[in-house]
Amino acid sequence: MKLMICVAHNRYADELEERLKDKGYRMTELASSGGFLKKGNTTFLFGIKDNDAEALRKEMQAICLDVEKKKGKLKDGQSRYTSFVINVKDALPFLKNLNNGVT
């Protein structure tokens, strides 16, 4: 099991959420802000099987390109989204430490 964290520009967020849900992906969506992608963004958290990360990335890229085609704008060289994949087992010590501080 893996956790994919994806920070996407807001211009793609609605389409990403709708189309990925239609494809059966389950996600948590968080509104986020700051300088990471230099604009308003949305952070998606996906729980995925070990071998699904590349398929999800390709699906997200296709969705972002479709959004750009619909709006008549291509984002030459700019980031559409940034993703990170973490093994869930690697997060367990972190989660265990968090639970120790809760009363």
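Just above sits the structure.
Reading the values: the criteria
- Residues numbered from 1 in each chain as written.
- Predicted model: local features only at pLDDT ≥ 70, side-chain atom pairs only at ≥ 80, totals over all residues.
- Heavy atoms only, no water.
- Helix = DSSP H or I, 4+ residues; strand = E, 2+ residues; numbered from the N terminus.
- Buried < 20%, exposed > 50% of the residue type's maximum accessible area, 1.4 Å probe, protein only.
- Contact = heavy atoms within 4.5 Å.
- Areas by Shrake-Rupley, 256 points an atom, 1.4 Å probe, with all protein chains shown as cover.
- Patch = residues over 30% accessible without salt bridge, like charges linked within 9 Å, V, L, I, M, F, W, Y side chains within 5 Å.
- Salt bridge = Lys/Arg side-chain N within 4 Å of Asp/Glu carboxyl O.
- Lys, Arg positive; Asp, Glu negative; His and termini not counted.
- Charge placed at Lys NZ, Arg CZ, Asp CG, Glu CD.
- Core = buried A, V, L, I, M, F, W, Y, C linked by side-chain atoms within 4.5 Å.

Notes on the overall build of the chain
Then comes step 1: Tallying secondary structure elements over the chain gives three helices and four strands in all.
Then comes step 2: For the chain, the sequential pattern of α-helices and β-strands runs β-α-β-β-α-β-α.
Then comes step 3: When the 103 residues of the chain are sorted by exposure, 28% land in the buried category.
Then comes step 4: Look at the contacts in the chain between residues 6 or more apart in sequence, and 74% of them connect residues 24 or more apart.
Then comes step 5: Working note: accessible area of the chain is about 7000 Å², and carbon and sulfur atoms make up 52% of it.

Notes on a negative patch on the surface
Then comes step 1: Taken together, the side chains of Asp14, Glu18, Asp22 and Glu29 define an acidic patch exposed on the protein surface.
Then comes step 2: Here the element with the most residues in the negative patch is helix α1 (residues 10-22); it accounts for three residues.
Then comes step 3: Considering the arrangement of structural elements, one finds Asp14 in helix α1.
Then comes step 4: In this structure Asp14 comes out as exposed when scored by relative accessible area, which is 60%.

Describing the nonpolar core
Then comes step 1: Within the largest apolar cluster, 18 residues are counted, with the highest numbers of intra-cluster contacts made by Leu16, Leu20, Phe44, Phe46, Leu56 and Met60.
Then comes step 2: Looking at this core, the elements with two or more residues in it are β1 (2-9), α1, β3 (41-48) and α2 (53-71).
Then comes step 3: Not counting chain neighbours up to four residues away, the residues in contact with Phe44 comprise Met4, Ile5, Cys6, Ala8, Ala13, Leu16, Glu17, Met27, Thr28 and Glu29.

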